[in-house]
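Structural overview
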Amino acid sequence: MERNFQKVEEILQKHGYKKENLIRILLDVQRQYRHLPEDIVNYIGVALQIPPAKIFGVGTFYAQFSLKPKGEYTILLCDGTACHMEGSTALLKAIEEELNIKPGEVTKDLMFSVDQVGCLGACALAPAMVINEEVYGNLTPEKVKQIIRRLKEEGEKDAQ
Amino acid sequence: MKVLVNGKEVELKNDSRNLLEALREAGIEIPNLCYLSETSIYGACRMCLVEIDDKEIVTSCTVKPREGMKIKTNTPQIHELRRGILELILATHNRDCTICERNGSCKLQKYAEEFGIRNVRFSQIKKNTKEDKSSPIIRDNSKCILCGDCVRVCEEVQGVGVIDFAYRGFSTQVAPSFETELSKTECVYCGQCVAHCPTAALTFRNDLDRLYQALSSSKHVIGIIAPAVRAAIQEELSMDSDTAMAERLVAFLKMSGFAKVFDVAFAADLVAYEEAHEFYQRLVNNERMPQLTSCCPAWVKYVEQFYPEYVENLSTVKSPQQTLGTIIKKIYSQKVGINPQDIVVVSFMPCTAKKFEAEREEHLGTVDLVLTTKELSQMIKASGINLKQITPEPFDRPFGISSQGGLNFGKTGGVFATVVEVMRDEIGISDEKYSDLQPGVKSATVRLKDGRTVNGLVVFGLANARDVMKKVIEKVIDAEIIEVMACNYGCIGGGGQPYPNDSRVRQNRAKILKETAGIKAIQSPVENYYLQKLYQEDFKDEHKRHMIHTTYKARKRVESNDIEILPLPKEDKTTVKVCLGTSCYMKGSYKILSQLVESAKKEDLGDDIEIVGTFCFENCGKSPNVMVNDKLICEATFEKVREVLKECQANKIKSQS
């Protein structure tokens, strides 16, 4: 598999190699590589002349970034007050049954990862989750399982 | 300006940085855990609370004093707030005080005592942290109070930034990138984080056990004492400063089983003498200018990592520690007929980076053990011997006397001034001018009698050194010789010196060292009888002097794995590694890389090429670097690499047929 190393250079270029764009650069890196790889952090440090420890600090501060690879489908399950009251715990159980992973983990085939988050700001749709920037609301355990199964099929199709 | 402090009229300086400093000048030390005069203001610990104008309670580090201000520094309410803060910090602090490296010198422990904390109302929470003992600097985050002093000193004063805050909320901790061990990072081991840490979250490796081992063996243990130690150790021993302090230490070490004790200041004379000649030679030939001093091991590592293209500019003369170790093991041992392997050289240093220096590959086996001023003072205290009551003894000959200059190596400007002293005696000086450029940077213009002019810069603090190097590279500033000491005020402010170790204390140490040097009868290394004897007898052959010279190398900042760019799962392939480290990157290695990837995809270069990105071949002086199989291509261009690749292909075809 070809490592899209040139992608980070494109990202840096897009943001003008500017230190003050660090967070935007990291957001793009997260999107591209689904985590912040150590070699990429070092590379950004070299290119922007920022100590890597500082980038690591930013990368570990914000929940948007992760140090471990996330799945191709990143499930953010809301466990804010409204969603919690509306039964998000049962949704988590459904995800765990379907994918065999716990929050913070990623499936072996790197297809899915699941994280619990504080609030997605979609309380009217509680209980809710976000998968790759798409919001799913008014969920039930059964609906969650269906969504995941559908994505699995899509993923398999893509792979072929 | 006049203000009212606790009901009394007090005159404050008008230009103080903040209320905390203004009150400090007026004799009131407001409790604080995160304020440093040397760095930016952080305002995190909330200990420096004061009440202003009978209404608001604010942090005195973030407020400017103002005419007529009514300040209360110690109301029952403030006292209670401070106690609360201390209890909260203590609730998450590792409270193994009796077995802690900072027992007795910890600021948190001191405040807990002064504020009478005998009970912490909150239950103790243990943080899940690991100790890092991989280098002379030890990190233990279970003792960290997140004041950020180390983070700010490392980045702002030292220009390194190897540690920073990571994670968030209760999980926040100070760490290097990806929590790498310090030994695998760009840390220069200057120990300024240690010097400013209020607790034992950052300490240095204590090696006293190894000293007692050496003393209980049958080996010949030789002590060597650095200049800066004698200007600071009295702080630990409740003594006044004493110009005979070094001689008292000699007597103490002899009582403790040391066979001989030599003065590192003698080696400083030797280093200055040799370095002055090296410098004059380079000046005449106009080569490797500006010459950079090499006495400070933290600065040397800094150059190796951040200015690899200037590695050749470093003076090749070893540091005084390594010079003295070398002449003890190579010259003295022969004279007294002892096998060098039966000698243990123990150096007493103000410095944490000296522990690293002695462990550098090229220096191994020269200085066997490096102990800091703090460790020496521990040894003295444990012995129960009162230094005030012992009769001073002179250092042993032949490495026992030094000039004023040699002793002044312990503070900023000492090396440069001593090199100038040597030139004054050997070449003659017609005129000299000195001026301050910025705090921590002095400039000097010295006219030699042969008509040449020497522009010198004297720098302390690595962030200052970075500013100066930038100007040198951009040719904004002229310099033929640059002295850099990593620590503010020079070695007297080293990371192994007693606590507190702030600017106020350091200025006092500089004064003490100046006084101690001032009573030395000889001014210049040229007048040092034993030094001259060494040159006449042992260094008569010029090649013999090589023993006190060394080499440096460009050094990678981070340990990291190669990056697979175009991997090829094939046995018989040609691997092209392109360096993406700072120097190579700056000189366009990425462009070479993308051209290679492009060509490889089109199979212009054959179908068996694997491309790998790597960080640093430690050959930054000739960047950009590309490696084809085992062959390193310096100052590479795409064309050069292509030529080498073509050769490889041709050879392969030949060997196949």
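Please read these numbers as outputs of a predicted model, since none were measured by experiment.

Here we look at the overall build of chain A
From N to C terminus, chain A includes seven helices and five strands. Helices and strands appear in chain A in the N-to-C order α-α-α-α-β-α-α-β-β-β-β-α. Referenced to the eigenvectors of the C-alpha coordinate spread, the extents of chain A come out at roughly 50 × 40 × 25 Å. Burial analysis of chain A (160 residues in total) assigns 48% to the buried set. Residue pairs at least 24 apart in sequence account for 62% of intrachain contacts in chain A once pairs closer than 6 positions are excluded. When the accessible surface of chain A is summed, it comes to about 8,500 Å², and 50% of that surface belongs to carbon and sulfur atoms. For chain A, the centre of its 20 positive side-chain charges and the centre of its 23 negative side-chain charges are spaced 3 Å apart.

Structural notes on the overall build of chain B
Scanning chain B from N- to C-terminus turns up 20 helices and 24 strands. In summary, chain B has a C-alpha radius of gyration of 28 Å against a globular reference of 26 Å for 657 residues, a match within 12%. Across the 657 residues of chain B, 59% fall into the buried class. For chain B, the separation between the mean place of its 88 positive charges and that of its 89 negative charges on side chains is 2 Å.

Details of the packing of helix α1 (residues 6-14) of chain A against helix α3 (residues 38-48) of chain A
Any two packed helices are characterised by how steeply their axes cross, that is the angle between the axes, and by the distance between the axes. Residues and elements named next belong to chain A. The geometry of α1 relative to α3 is characterised by a closest axis approach of 11 Å and an angle of 40° between their N-to-C directions. Classed by the angle they form, the pair α1 and α3 counts as oblique. Relative to α3, α1 is oriented so that their crossing is right-handed. Taken together, the residues of α3 that come into contact with α1 (itself represented by Val-8, Glu-9 and Leu-12) are Ile-40, Tyr-43, Ile-44, Ala-47 and Leu-48. Of the residues in the contact of α1 with α3, the class split is seven nonpolar, no polar and one charged.

Some remarks on the domain arrangement of chain A
Taken domain by domain, chain A holds domain 1 (6-61) and domain 2 (73-159). Domain 1 of chain A and domain 2 of chain A are separated by 28 Å when their C-alpha centres are compared.

Examining the interface of chain A and chain B
Taken together, the 28 residues of chain A in the interface contact 34 residues of chain B. The partner of Lys-54 of chain A in a salt bridge is Glu-155 of chain B, and the shortest N-O contact between them spans 2.9 Å. At the junction of chain A and chain B, the tally comes to six residue pairs in polar contact (both at pLDDT 80 or more). Contributions of two or more residues to the side of chain A that touches chain B are made by α1, α3 and α4 (52-61) of chain A. For the side of chain A that touches chain B, a count of residues per class yields 17 nonpolar, five polar and six charged.

Notes on the confidence of the model for chain B
Averaged over every residue, the pLDDT of chain B is 94; residues scoring 70 or more account for 100%. In the model output, the complex is listed with pTM 0.89 alongside ipTM 0.86.

Some remarks on the sheet that holds strand β15 (residues 369-372) of chain B
Residue and element names in this part refer to chain B. The four strands are arranged β12-β11-β14-β15 in an open sheet whose pairing can be described as parallel. The open sheet has two edge strands, β12 (260-263) and β15, and neither has a second partner. Pairs of neighbouring strands in the sheet enclose a mean axial angle of 25°, with direction left out of account. Bridge count for strand β11 (residues 220-225) against β12 is four bridges, and the pairing is parallel. Directly across from Ile-225, in β12, lies its bridge partner Asp-263. Each of β14 (343-349) and β15 is contacted by helix α12 (residues 373-383), which is oriented at about 80° to β15, the strand it contacts most.

Details of the packing of aromatic side chains
Throughout the structure, instances matching the rule amount to 21 aromatic pairs over all chains. Here the aromatic rings of Tyr-43 of chain A and Tyr-585 of chain B are separated by 5.4 Å at their centres, their planes lie at 80°, and the arrangement is edge-to-face. One end of the pair, Tyr-43 of chain A, is in helix α3; the other, Tyr-585 of chain B, is in helix α18 (residues 582-586), on a second chain. Tyr-585 of chain B matches Tyr-43 of chain A in its accessibility class, with the two residues each being buried. Seen in terms of ring centroids, Tyr-62 of chain A and Phe-65 of chain A are 6.4 Å apart; in terms of plane orientation they differ by 80°. Their pairing is edge-to-face. Among the aromatic residues, ring-to-ring pairing joins Phe-262, Phe-266, Tyr-332 and Phe-399 of chain B into one connected group.

Conventions adopted
- Residues numbered from 1 in each chain as written.
- Chains lettered and ligands numbered in written order.
- Predicted model: local features only at pLDDT ≥ 70, side-chain atom pairs only at ≥ 80, totals over all residues.
- Heavy atoms only, no water.
- Helix = DSSP H or I, 4+ residues; strand = E, 2+ residues; numbered from the N terminus.
- Buried < 20%, exposed > 50% of the residue type's maximum accessible area, 1.4 Å probe, protein only.
- Contact = heavy atoms within 4.5 Å.
- Areas by Shrake-Rupley, 256 points an atom, 1.4 Å probe, with all protein chains shown as cover.
- Lys, Arg positive; Asp, Glu negative; His and termini not counted.
- Charge placed at Lys NZ, Arg CZ, Asp CG, Glu CD.
- Rg over C-alpha atoms; globule rule 2.2 N^0.38 Å.
- Axes fitted to C-alpha atoms, helices over the stretch in contact; angles between N-to-C directions.
- Parallel < 35°, antiparallel > 145°, perpendicular 65-115°, else oblique.
- Left-handed = near helix turned anticlockwise from the far one by under 90°.
- Nonpolar A, V, L, I, M, F, W, Y, C, P; charged D, E, K, R; others polar.
- Domains from an automatic or database assignment.
- Salt bridge = Lys/Arg side-chain N within 4 Å of Asp/Glu carboxyl O.
- Polar contact = N/O pair within 3.5 Å; in protein donor to acceptor, adjacent residues only side chain to side chain.
- pLDDT = per-residue confidence, 0-100.
- Pairing = 2+ DSSP bridges.
- Phe/Tyr/Trp six-rings, centres within 6.5 Å; stacked < 30°, edge-to-face > 60°.

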